[in-house]
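For reference, the chains in residue letters:
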Amino acid sequence: MSKSFVLITNSWRKSGDRDNRLIRKPMKASVISWLGSKAVRLSEIYEALRIDSAQMKSAQNLLKELVPEYLDVNKRFRDQDQMSVESLKRELQRRMPSLNRYEDGWGAEVLIRRVVSYRHSLVNCKCRSHPRVVATRPTMPTPASTSLPAPVLARARAPTSLEEFLHSVEPNSSHLLFLLARHGLSDDRFAEFIALPPDYRKAFIRLVFHGGQVPDKYIQGVLAAAEKLSH
């Protein structure tokens, strides 16, 4: 895991064109997996996929119908038949042409992963096995939003090193220095970290602080301070 920051950074650098004509696939597969998980806030998906809430809702409603037809709703995404997943991606892209701008259909995969992560709400909608059964559309649970006060930088002078940055975050996050260093983020790469697009910064921080090891207030503090410093 010591190269986590390098992998995230290279994924961004090698993503090629970052315009609306073609959105390159992240080089690191874990980024796609992470974006499609329950742990990710909807706002982070909007930012990474460059979509809005209306587009997300349309995709979710459509996938609630399509997922039971193509996939086994009793299985996790990683256990699904890959040919079925590819067929579902193609059908989703056919029904929503705007998803064709993602290289190799990675945007569609993120949306499919997201719906499959809530597969238990689709168990009673096995349209593939019973095509004539009209199933009631389940309501996808929405992750509880965490209301936290907006973190602010404690110092007026912009920090120039990772240690200074963590000390300036509110709440003070100096104790996270060693953990970040273990994952490849050091003083000489601090400026590079701040220069990353917001979704890649979030991907790296979430990857490092996964599993609830670090309280959410520190995660939000680091991300907010980095975003402020990047402007």
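Sequence order sets the numbering: in each chain, residues are counted from 1 along the sequence as written. Reporting of local features is limited, given that this is a predicted model, to residues whose pLDDT is at least 70; pairs of side-chain atoms are given and counted only at 80 or more, and all residues count toward the totals for whole chains, interfaces and linings. Heavy atoms throughout the structure, all of them, feed into the side-chain values; hydrogens and water do not.

In this section: the side chain of Q80. Numbering of helices and strands starts at the N terminus; helices are DSSP runs of H or I of at least 4 residues and strands are runs of E of at least 2. For Q80, the location among the structural elements is in the loop between helix 4 (53-70) and helix 5 (82-95). Judged by its relative accessible area of 7%, Q80 is buried. Under this definition, polar contacts are N or O atom pairs within 3.5 Å; protein pairs additionally need one hydrogen-donor-capable and one acceptor-capable atom, and for neighbouring residues in sequence, both atoms have to be side-chain atoms. A polar atom in the side chain of Q80 sits 2.9 Å from the backbone oxygen of K75. Classification of residues uses two cut-offs on accessible area relative to the type maximum, computed with a 1.4 Å probe and protein chains only: under 20% is buried, over 50% is exposed, and between them is partly exposed.

Next up on the list: the packing of helix 3 (residues 42-49) against helix 4. Geometrically, a packed helix pair is captured by the angle between its two axes and the distance between the axes. Between N-to-C directions, angles cover 0 to 180 degrees, with each direction set by a line fitted to C-alpha atoms, over the stretch in contact for helices. Relative orientation of the contacting elements helix 3 and helix 4 amounts to 100°, with a least axis distance of 10 Å. Considering the angle they form, helix 3 stands roughly perpendicular to helix 4. Residues L42, I45 and Y46 of helix 3 form the contact with helix 4, whose own contacting residues are S53, M56 and Q60. Amino acids outside the nonpolar list (Ala, Val, Leu, Ile, Met, Phe, Trp, Tyr, Cys, Pro) and the charged list (Asp, Glu, Lys, Arg) are all regarded as polar, and Gly is one of them. By residue class, the composition of the contact of helix 3 with helix 4 is four nonpolar, two polar and no charged. An angle below 35 degrees is treated as roughly parallel, one above 145 as roughly antiparallel, one from 65 to 115 as roughly perpendicular, and anything else as oblique. Between two residues, a contact is recorded if the distance between any of their heavy atoms is within 4.5 Å.

This part is about helix 6 (residues 106-116). Judged by how many residues are buried, helix 6 sits mostly within the fold: eleven of eleven residues are covered. Here helix 6 has its buried residues at W106, G107, A108, E109, V110, L111, I112, R113, R114, V115 and V116. The inward-facing, buried residues of helix 6 contact helix 2 (29-35), helix 3, helix 4 and helix 5.

Let us now look at the packing of helix 10 (residues 198-208) against helix 11 (residues 216-230). Orientation of helix 10 relative to helix 11, taken along the N-to-C sense of each, is 150°, at an axis distance of 11 Å. With respect to each other, helix 10 and helix 11 are oriented roughly antiparallel. The handedness of the crossing between helix 10 and helix 11 comes out as right-handed. When helix 10 is examined against helix 11, the residues P198, R201, K202, I205 and R206 are found in contact with a partner set consisting of D216, I219, Q220, V222, L223, A226, E227 and S230. Each crossing is labelled by how the near helix is turned from the far one, with a counterclockwise turn of less than a right angle marking it left-handed and a clockwise turn marking it right-handed.

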